[in-house]
Amino acid sequence: MKQIPRDAQPLRNVLFIMCDQLRADYLSCYGHPKLHTPHIDGLAKRGVRFDRAYVQGAVCGASRMSTYTGRYVSSHGAMWNFVPLSVGQMTLGDHVRSQGVRCALVGKTHVEADTEGARRLGMDVTQGAGMLAMQGGFEPYARDDGIWPPGFKVSGNAYCDWLRERGYVSDNPWHDFANSGRGSGGEVLSGWQMRWAGAPAAIKEAHSETPYTTDRAIDFMREAGDQPWVLHLSYIKPHWPYVAPAPYHAMYGPQDVIPAARSEAEREQAHPVIEGFRRDTASQSFSRDEVRDTVIPTYMGLVKQVDDQLGRLFAFMEEQGLDKDTLIIFTSDHGDYLGDHWLGEKELFHEPIVRVPLILCDPRAQADAGRGGVSGELVECIDIVPTILEALGIEPPTQWLEGQSLLPMLRAPGTAKGKQFVVCENSYAFRDAVRLPLGQPVERCHMTMLCDKRWKFVHVEDLPPMLFDLETDPLELNDLGRDPRFAAVREQMLERMFGWLRERRRFPTMDPKAIAAWNRREVEAGILIGAW
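Residues numbered from 1 in each chain as written. Predicted model: local features only at pLDDT ≥ 70, side-chain atom pairs only at ≥ 80, totals over all residues. Heavy atoms only, no water.

Student: Explanation requested: the nonpolar core in the structure shown.
Tutor: Most often, soluble globular proteins have nonpolar side chains that are buried together. In terms of nonpolar packing, the biggest core is built from 67 residues, with Phe 50, Leu 92, Val 96, Val 230, Ile 329, Leu 358 and Met 449 touching the most fellow members. When residues in this core are grouped by element, the largest group, five residues, is from helix H14 (residues 384-391). Setting aside anything within four residues of it in sequence, one finds Val 96 in contact with Val 101, Cys 103, Val 230, Leu 389, Leu 392 and Ile 394. In this structure, Ala 44, Leu 233, Phe 286 and Ile 328 belong to the second largest nonpolar core, which totals 48 residues. (Core = buried A, V, L, I, M, F, W, Y, C linked by side-chain atoms within 4.5 Å. Buried < 20%, exposed > 50% of the residue type's maximum accessible area, 1.4 Å probe, protein only. Helix = DSSP H or I, 4+ residues; strand = E, 2+ residues; numbered from the N terminus. Contact = heavy atoms within 4.5 Å.)

Student: So what exactly am I meant to see when it comes to the side chain of Lys 108 here?
Tutor: Locating Lys 108 in the fold gives a position in the loop between strand S3 (102-107) and helix H5 (115-121). Within the structure, the side chain of Lys 108 is placed 2.4 Å from the side chain of Asp 20, a separation counted as a polar contact. Discounting residues that sit within four places of it in the chain, Lys 108 has contacts with Asp 20, Cys 60, Arg 64, Tyr 68, Asp 144, Asp 145, His 232, Ser 234, Ile 236 and His 239. (Polar contact = N/O pair within 3.5 Å; in protein donor to acceptor, adjacent residues only side chain to side chain.)

Student: I'm lost on the packing of helix H7 (residues 158-165) against helix H9 (residues 209-223) in this one. Help?
Tutor: Two numbers describe a pair of packed helices, the interaxial angle and the distance between the axes. Between H7 and H9, whose axes approach to 12 Å, the crossing angle comes to 105°. The pairing of H7 with H9 is recorded here as roughly perpendicular in orientation. Contact residues: Ala 158, Tyr 159 and Trp 162 in H7; Glu 209, Tyr 212 and Arg 216 in H9. Among the residues forming the contact of H7 with H9, the class breakdown is four nonpolar, no polar and two charged. (Axes fitted to C-alpha atoms, helices over the stretch in contact; angles between N-to-C directions. Parallel < 35°, antiparallel > 145°, perpendicular 65-115°, else oblique. Nonpolar A, V, L, I, M, F, W, Y, C, P; charged D, E, K, R; others polar.)

Student: Even after reading the chapter, I still don't get the pattern of salt bridges, so can you show me in this structure?
Tutor: Any two side chains of opposite charge can pair, on the condition that their charged atoms come close. Scanning the model with the defined rule gives 38 salt bridges in all. Put simply, Lys 108 and Asp 20 hold a salt bridge, and the shortest N to O gap is 2.4 Å. Taken as a pair, Lys 108 in the loop between S3 and H5 and Asp 20 in strand S1 (residues 13-20) lie far apart in primary sequence, 88 residues in all. According to the relative accessible area criterion, Asp 20 is buried, its value standing at 0%. (Salt bridge = Lys/Arg side-chain N within 4 Å of Asp/Glu carboxyl O.)

Student: Could you clarify how one ought to interpret the packing of aromatic side chains in this entry?
Tutor: Where two aromatic rings form a pair, the distance of their centres and the angle of their planes describe that pair. Considering all chains together, one arrives at 15 aromatic pairs under this definition. Taken together, a centroid distance of 4.9 Å and an interplanar angle of 80° make the contact between Tyr 68 and Phe 138 edge-to-face. Of this pair, Tyr 68 sits in helix H2 (residues 60-69) while Phe 138 is found in the loop between helix H6 (128-134) and strand S4 (139-143), placing the two residues 70 residues apart along the sequence. With respect to class, Tyr 68 is no different from Phe 138; both count as buried. When the centroid spacing of 5.6 Å and the interplanar angle of 20° are considered together, the rings of Trp 148 and Phe 152 count as stacked. Taking the relative accessible area as the measure of exposure, Trp 148 reaches 21% and is therefore partly exposed. What makes Phe 152 partly exposed here is its relative accessible area of 40%. The structure contains a cluster of three or more aromatic residues connected by ring pairs, namely Tyr 26, Tyr 242, Phe 286 and Tyr 299. One Lys or Arg, Arg 182, reaches over the ring of Phe 177 and ends 4.9 Å from the middle of that ring. (Phe/Tyr/Trp six-rings, centres within 6.5 Å; stacked < 30°, edge-to-face > 60°. Lys NZ or Arg CZ within 6 Å of the ring centre and 35° of its normal.)

Student: I would appreciate a short explanation of the environment of Leu 477 in the present structure.
Tutor: Note that Leu 477 resides in the loop between strand S14 (466-469) and helix H17 (487-502). A residue is classified by how much of its surface remains accessible, and Leu 477, at 27% relative accessible area, is partly exposed. Residues Leu 477 and His 341 lie 136 residues apart in sequence; the distance between their C-alpha atoms is 7.6 Å. Excluding residues that lie within four positions of it along the chain, Leu 477 makes contacts with Ala 261, Arg 262, Ser 263, Glu 266 and His 341.

Student: How should I be thinking about the packing of helix H1 (residues 38-46) against helix H12 (residues 289-320) in this particular structure?
Tutor: The contact between H1 and H12 brings their axes to 7 Å, and the two run at 55°. As summarised for this structure, H1 and H12 are arranged oblique, according to the angle between their axes. On H12, the residues touching Pro 38, His 39, Ile 40, Leu 43 and Arg 46 of H1 are Lys 304, Asp 307, Asp 308, Leu 310, Gly 311 and Phe 314. Residue classes in the contact of H1 with H12 are distributed as five nonpolar, two polar and four charged.

Student: How should H2 be read in this particular structure?
Tutor: Each turn of an α-helix holds 3.6 residues, which means side chains three or four residues apart point in the same direction. Counting buried positions along H2 yields 10 of 10 residues, so the element is predominantly enclosed. Listed in full, the buried residues belonging to H2 are Cys 60, Gly 61, Ala 62, Ser 63, Arg 64, Met 65, Ser 66, Thr 67, Tyr 68 and Thr 69. Along its buried surface, H2 packs onto S1, helix H3 (73-76), helix H4 (92-97), strand S7 (229-238) and H14.

Right, dumping it as structure tokens:
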């Protein structure tokens, strides 16, 4: 039997890292002039950095469900946060676990369990396949979605229990210590109020969320044994509350804050949906320089802490020899406006939200040609699942997956091509401050973005579209959606959107090869419909 070259064999493990609400341009390898992230930069030097990677949802839940399923939001249906992911959807864990690969989670997923679907099917959600379905296909080795409101009594949460064991005793130590500071009189300076973002968290740095999450990842790797694994390491930071432990709270100051990408002209004749989001509390706050100068240095400190912890993790992997047979993927679920375009939070489709960092490092020799390179091809986060499957030597179930493997871009840089355009979706149905003034019913609030290498087009039901020329207006300050000079561009992009809709996976539960062979099998079986 012919021996397969060692570097052509499948990889053993995958480390899939995701940060929450991390902008691509807040890493030094993506061009930030003040925030240096040497460990993430080092990963890019060992692999390939994708400069134009886009999420498929503009909010945590929808984006993550697309990344975990390899399917567009319209295909999996979990349109927003807290919308259950149907038990009928296949996820990364389902694809790899059937091939003997352990698929575990450390950190956040934002998966909302489809308990109604499980009840209808009579599933036991406390163990086995039922439990995994409620966790989005991940073994919850150390799941922690965080975000506990002030005053909320938290019980049964591993991180909060761990904090109490170390002397942080309260009903909600996540809020009272890890995500709040202390005033001169010992009073809690709640992280939910951004005015206190400059205060250090009332916790030792080693006990804060990011080191805790890193510790659990190291624990998993120590315990994994001989079984191949996929570990989804999902940091909750730099997502709000914007609170960092010392010394990260004071590493940066207002002098390090990049000017906001916004103009007064944007406020004139603004698109009604964008105008609605600008009325939001977060947008009103981030429109003030005082808020940006207070919050963004802390956001930068949280990113720096993630980078330092990844340095610790990468060093551990090298000591254990895990770096030699593990594919490492680093990305984010979306960005953060931080005052750009007079907006806060996320949910719309400007570059600071939908363009995310994406770095892949394949240790095999066949990826040496692309090592240290930068790809300007258009790629999507739904490409991550098929990339992982190919790296592990698992045949991709194409009837389910709408992404494509990125490994050819690592092996043949400059020749392997990305996509003609990328897609992102969202709905403002969950935002009454936007929806009600427009008089829109819930089912008419869908928004779809198509972006090619030059044009970004956003279709909004019953309202004018948005259009940006990224070539002449890279900061997206001039919406051409109602400019008669660009009617032909809008028509072309709308037709491309309809073409994209027509190409969605129609038969996810049946292999395309089986469908193609159906008629032949009917004839061979002697089924002669309508014969005389």
